[in-house]
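Architecture and fold: a report
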Number of protein chains: 2
Amino acid sequence: MSLTGGLRLLILALVATGVANAQFAPFQPLPHMPPVPEDNLQSPGKIELGKKLFFDPRLSGSGSTTCQTCHNLATGATHRKGVVPGDLGGTSTRDVPTLWNVGFNTVYFWDGRAISLEAAIAAHLLAKEAMAAPSNEALVSRFDAIDAYRAEFRRVFGTESISVDLISKSIAAFLRTLVTQDSTFDQYLRGDEAAISVQAKRGFEWFTDSGCASCHFWVNLAGPVPGLAFQMGEGFYELFPNYPDTPADSKYKFSDDLGRYHVSGIDADKRLFRVPTLRNIALTAPYFHNGAVSDLKEAVRVMAETQLQKTFTDAQLEDVVAFLNTLTGEFPVIAVPYVH
Amino acid sequence: MSLTGGLRLLILALVATGVANAQFAPFQPLPHMPPVPEDNLQSPGKIELGKKLFFDPRLSGSGSTTCQTCHNLATGATHRKGVVPGDLGGTSTRDVPTLWNVGFNTVYFWDGRAISLEAAIAAHLLAKEAMAAPSNEALVSRFDAIDAYRAEFRRVFGTESISVDLISKSIAAFLRTLVTQDSTFDQYLRGDEAAISVQAKRGFEWFTDSGCASCHFWVNLAGPVPGLAFQMGEGFYELFPNYPDTPADSKYKFSDDLGRYHVSGIDADKRLFRVPTLRNIALTAPYFHNGAVSDLKEAVRVMAETQLQKTFTDAQLEDVVAFLNTLTGEFPVIAVPYVH
């Protein structure tokens, strides 16, 4: 997929799926909730159960790590260290991605190895670089032993038969509520011209004109969302770096990770990564799949070099950063749950 | 201080401070808030600022650990692993104590080395086994660089001059809201005879008759609280183990830690530890200063052996555990803050 192929592909897909071109705007305000799969509809009880599990260290191998440990909801729903060891010390080479607006993804993990949010959660529970639980059976028997959880699963799902499937569904239901609406950029998109600064508008214009928007477009500034153009499980990937062997690539060693190739084994997938959201980007440092860059302006400079083979002027970099700062949304109120 | 000295000392202190004996009840419902020092009164803005700091990883050396990381407010406000390394890997030999009702302490840390909550927080920020910040100056300059924090400190304290003193005061104000009222034991103390089971009542009776209540009495089941009998900074300590060289001591190596002696260097302080609260004890495993025991019934058995030189029957152990389970309170609603 070429760099500028994203937008072209999208438009083709829109035509193919019968969406009138007239209705298509490449940037749109974030909806109040992401698409929800038919076999995991939302309910207040399910969301609350998922929130409890999100804060419950018993989901981890050692019994001490929670989802919140690495996806801190008080900040970027991510980990400021970027690449961090798993619960039992399992090593990782990948940056912890944000969970804000994660329900708008079509695939999960940097390499798209999980094709639904539920599958991504189930995989996290066992992954050595994440929660490192010993096995699904061990997890289930831990939670089976807690009367209050059994009662809550029965209330939510009509069964006391706790399973990793139901655990993952509950957590997914909670994560789908992590939507940050009403950024100043969204206000601007809705017609409030004064919502963002002149500099941010200039940055947005350069962002689209220079090519950034070829991948970072639509409601989540991460390409297609499920149900429109792309279906859940159909990943929107891009080469990163698109131009390897640049000074930035040498410095930050991006090409050391072959991305989706690790999943598919297909040569054409080498260096393909899921396009990440830019929403709340000011809060989600460090950046890139390996968390190698902490400064947002440097991250923009690197993207111009590695993806567009361009050198942005300092003023252009500052303008784009001003635009990116308009993508910080309003955070929903989340009461810390009381875990059984 | 002998084991049964606690209650005797308290009564003497009550007389000395002019509290009429008639007013003294060794067990009382938890007040809705703990005493507050005159130089750090509560305000909604200060509490909110403290909550943000509690969830902010920038308080730690690596920029990745938060207070919440080890004091998980979704569970026992403690860490289920007990003894855990500090932010930069600094080792510890001490269990993470609960923060629920921490404002009722008269001294802080297991050895009482901090004589106020504010001092305890300031010490935690620099301690290698906790937040491991490089220095007060480095911390302050980090927060000075964040416009939104400067504005919030100005709103709360009337000054933009951020300091570790003001950071500690804010967090202390938040921690003083972590009060878990209205346990079934509190309901029982208020006259609701049906609030706790017959077994729990039997356990409570044995708890007082056997000697546990010599130390674990009053509103927080941890001895004197600030302002009544004891003043802030005046610790209520006990020998642990009171009877060393028991099988339990050999097994769990309690005596390896000389407690308050590490702070004072005084021989008489060897093995003295601050008496911890029993409120929410069912949620705060593992137990003891070294976190060596995970099971509550075993913890009670050990206490009988090491502190009272008694062997409780299995029925007595079960009864006391039933009583301890009545000490779990209601948890206040805490909305996850949005960190600047």
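Described below are features of the structure shown in this document. This one's a predicted model, so the numbers in the text were calculated from it and none came from an experiment. Within each chain, residue numbers correspond to sequence positions counted from 1 in written order. Labels follow written order: the first chain is A, the first ligand is 1, and so on. Two thresholds apply to this predicted model, a pLDDT of at least 70 for residue-level local features and 80 or more for giving and counting side-chain atom pairs, whereas whole-chain, interface and lining totals are computed over all residues. The basis for every side-chain value is the complete set of non-hydrogen atoms in the structure, without hydrogens or water.

What to know about the overall build of chain A
Helix and strand counts for chain A stand at 13 helices and four strands. The quantity called the radius of gyration is restricted to C-alpha atoms. Its globule counterpart is 2.2 Å times the number of residues to the power 0.38. What you see for chain A is a C-alpha radius of gyration of 20 Å, in line with the 20 Å of a compact globule of 340 residues. The dimensions of chain A, computed from C-alpha atoms along their principal axes, are 60 × 45 × 35 Å. Sequence separation of 24 or more characterises 70% of the internal contacts of chain A that already satisfy a separation of 6 or more. Carbon and sulfur atoms provide 55% of the accessible area of chain A, an area that totals close to 13600 Å². Helix and strand assignments come from DSSP, with helices taken as H or I runs of at least 4 residues and strands as E runs of at least 2, each series counted from the N terminus. Whether two residues are in contact is decided by their heavy atoms, any of which lying within 4.5 Å being enough. Every accessible area reported is derived by Shrake-Rupley at a probe size of 1.4 Å, with residue values counting cover from the shown protein chains alone.

Side note on the relation of the copies chain A and chain B
Relative to chain B, chain A is turned by 180 degrees and slid 0.0 Å along the rotation axis, the superposed coordinates differing by an RMSD of 0.0 Å. Both copies of the chain, as the preceding transformation shows, are related through a two-fold rotation axis. Residue Ala335 of chain A, judged by its C-alpha, is the member of chain A lying nearest the rotation axis, at 2.0 Å. Mapped onto chain B, 100% of the interface residues of chain A are again interface residues, and the two copies thus contact each other with one and the same surface. The atoms used to superpose the copies are C-alpha atoms, taken from residues with pLDDT of at least 70 in both, and the fit is least squares.

Quick word on helix 7 (residues 164-175) of chain A
Residue and element names in this part refer to chain A. How far a helix is expected to stretch is found by multiplying one less than its residue total by 1.5 Å. Here helix 7 spans 16 Å end to end across twelve residues, near enough to the 16 Å set by a 1.5 Å rise per residue. Under the scheme applied here, a residue whose accessible area is under 20% of the maximum for its type counts as buried, over 50% as exposed, and between as partly exposed, the area being computed with a 1.4 Å probe on protein chains only. The buried count for helix 7 comes to eleven of twelve residues, which makes it a mostly enclosed element. If you follow the buried residues of helix 7, they end up packed against helix 2 (44-54), helix 4 (117-126), helix 5 (136-144) and helix 6 (147-157).

A closer look at the packing of helix 4 (residues 117-126) of chain B against helix 7 (residues 164-175) of chain B
All names here are of chain B. Between N-to-C directions, angles span 0 to 180 degrees; the directions come from axes that are lines fitted to C-alpha atoms, helices contributing only their stretch in contact. The N-to-C vectors of helix 4 and helix 7 enclose an angle of 120 degrees; their axes lie 8 Å apart at closest approach. Comparing their axes, helix 7 and helix 4 come out oblique. As for the relative orientation of helix 4 and helix 7, their crossing is right-handed in sense. For the pair helix 4 and helix 7, contact is made by Leu117, Glu118, Ile121, Ala122 and Leu125 and by Val164, Ile167, Ser168, Lys169, Ile171, Ala172 and Leu175, respectively. Tallied by class, residues from the contact of helix 4 with helix 7 come to nine nonpolar, one polar and two charged. By definition in this entry, angles of less than 35 degrees are roughly parallel, angles greater than 145 are roughly antiparallel, angles of 65 to 115 are roughly perpendicular, and the rest are oblique. By definition, turning the near helix anticlockwise from the far helix through less than a right angle yields a left-handed crossing, and turning it clockwise yields a right-handed one. Three residue categories are used. Nonpolar comprises Ala, Val, Leu, Ile, Met, Phe, Trp, Tyr, Cys and Pro, charged comprises Asp, Glu, Lys and Arg, and polar comprises the others, including Gly.

Some points on the interface of chain A and chain B
Taken together, the contact pairs 25 residues of chain A with 25 residues of chain B. One speaks of a salt bridge when a side-chain nitrogen belonging to Lys or Arg is within 4 Å of a carboxyl oxygen belonging to Asp or Glu. Counting the contacts that link chain A with chain B gives zero salt bridges. Residues adjacent in sequence count toward polar contacts only when both atoms are side-chain atoms; beyond that, a polar contact is any pair of N or O atoms within 3.5 Å, and within protein one must be able to donate a hydrogen and the other to accept it. One can count six residue pairs in polar contact (both at pLDDT 80 or more) joining chain A with chain B. Taken together, the residues of the side of chain A that touches chain B sort by class into 13 nonpolar, nine polar and three charged.

What about empty space enclosed by the protein?
Buriedness of a pocket was judged along seven lines, with at least five required to meet protein on both sides within 12 Å; pockets are open sets of points on a 1 Å grid over the protein atoms alone, cavities are sets where a 1.4 Å probe fits but cannot get out, and lining residues have an atom within 4 Å of a point. Grid points are joined across faces, edges and corners, and a volume is the space filled by probe spheres set on the points. Applying the stated criterion across every chain, the model contains three cavities of 30 Å³ or more. Considered as a void within the structure, the largest cavity measures approximately 190 Å³ in volume. If you go around the largest cavity, you meet 21 residues; those closest to its centre are Gln68 and Thr69 of chain A together with Thr66, Gln68 and Thr69 of chain B. Contributing elements (two or more residues each) for the lining of the largest cavity: helix 3 (67-70) of chain A together with helix 3 (67-70) of chain B. In terms of residue count, the dominant contributor to the lining of the largest cavity is helix 3 of chain A (three residues).

Concerning the environment of Asp186 of chain B
Residue and element names in this part refer to chain B. Within the element layout of this structure, Asp186 appears in helix 8 (residues 184-189). With a relative accessible area of 0%, Asp186 lands in the buried category. Note: C-alpha distance between Asp186 and Phe27 (159 residues apart in sequence) is 9.1 Å. Sequence-distant contacts of Asp186, defined by excluding residues within four places in its chain, comprise Gln28, Pro29, Leu30, Gln181 and Arg279.

A short note on the packing of aromatic side chains
For this analysis, a ring pair means two rings from Phe, Tyr or Trp (six-membered ring only for Trp) whose centres lie within 6.5 Å, classed as stacked if their planes differ by under 30 degrees, edge-to-face if by over 60, and tilted for the remaining angles. Within the structure shown, the criterion is met by 48 aromatic pairs over all chains. On the numbers, 4.9 Å between centres and 55 degrees between planes, the contact of Phe207 of chain A with Phe323 of chain A is tilted. Of this pair, Phe207 of chain A sits in helix 9 (residues 198-210) while Phe323 of chain A is found in helix 13 (residues 314-324), placing the two residues 116 residues apart along the sequence. Every member of this aromatic cluster is reached through a ring pair, and the members are Phe27, Phe185, Tyr188, Phe204, Phe207 and Phe323 of chain A. Its guanidinium or amino end placed over the ring of Trp110 of chain B, Arg274 of chain B lies 5.8 Å from that ring's centre, counting from NZ or CZ. Put simply, a charge is over a ring when the Lys NZ or the Arg CZ is close to the ring centre, within 6 Å, and near the line of the ring normal, within 35 degrees.

Concerning helix 4 of chain B
Given 3.6 residues to a turn, an α-helix orients residues that are three or four positions apart in the same direction. Within helix 4 of chain B the residues assigned to the buried category are Leu117, Glu118, Ala120, Ile121 and Leu125 of chain B. Buried residues of helix 4 of chain B fall within an arc of 160 degrees about the axis and therefore sit on the same side. Taking the helix axis as origin, the arc is that swept by the directions to the C-beta atoms.

What to know about the environment of Ser210 of chain A
All names here are of chain A. Counting through the fold element by element, Ser210 comes out in helix 9. For the pair Ser210 and Leu308, spaced 98 residues apart in the sequence, the C-alpha separation amounts to 7.8 Å. Apart from residues lying up to four places away in sequence, Ser210 is in contact with Leu308, Lys310 and Phe312.

Considering the pattern of salt bridges
Per the counting criterion, the structure on display carries 43 salt bridges over all chains. Here Arg150 of chain B ties to Asp147 of chain B by a salt bridge, and the two come within 3.2 Å at their closest N and O atoms. Taken as a pair, Arg150 of chain B and Asp147 of chain B lie in helix 6 (residues 147-157) at a separation of three residues, close to a single helical turn. A residue is classified by how much of its surface remains accessible, and Arg150 of chain B, at 23% relative accessible area, is partly exposed. Judged by relative accessible area, Asp147 of chain B falls into the exposed class, the value being 53%. Here Lys297 of chain B and Asp314 of chain B are joined by a salt bridge, their closest N and O atoms 2.9 Å apart. Of the two residues, Lys297 of chain B is situated in helix 12 (residues 296-308) and Asp314 of chain B in helix 13 (residues 314-324); the sequence distance between them amounts to 17 residues. For Lys297 of chain B, a relative accessible area of 24% puts it in the partly exposed group. With a relative accessible area of 46%, Asp314 of chain B lands in the partly exposed category. Among the charged side chains, a salt-bridge network with shared partners connects Arg94, Asp111, Arg113, Glu129 and Asp257 of chain A.

Points about the nonpolar core
One recurring pattern in soluble globular proteins is that nonpolar side chains are buried together. Residues belong to a common nonpolar core when they are buried Ala, Val, Leu, Ile, Met, Phe, Trp, Tyr or Cys residues joined through side-chain atoms within 4.5 Å. Counting 81 residues, the largest nonpolar core has Leu73 and Leu175 of chain A together with Leu73 and Leu175 of chain B as the members making the most contacts within it. If we ignore the near neighbours within four places in the chain, the residues touching Leu73 of chain B are Val336 and Pro337 of chain A together with Phe54, Phe55, Gln68, Trp100, Phe174, Leu178 and Ile334 of chain B.

Examining the layout of surface pockets
Within this model, the second largest pocket holds a volume of roughly 330 Å³. Arg80, Ala282, Leu283 and Ala285 of chain A together with Arg58 of chain B are, among the 13 residues lining the second largest pocket, the residues nearest its centre. Within the lining of the second largest pocket, the residues separate by chemical class into six nonpolar, five polar and two charged.

Let's talk about unusual backbone geometry
Residue Phe240 of chain A is joined to Pro241 of chain A through a cis peptide bond whose omega torsion reads -5 degrees. With respect to the helices and strands, Pro241 of chain A occurs in the loop between strand 3 (237-239) and helix 10 (247-252). Cis geometry marks the peptide bond from Ala285 of chain A to Pro286 of chain A, where omega comes out at -5 degrees. Among the structural elements, Pro286 of chain A can be located in the loop between strand 4 (272-274) and helix 12 (296-307). Phi angles above zero are rare outside glycine, and Trp218 of chain B is one such case at about 70 degrees.

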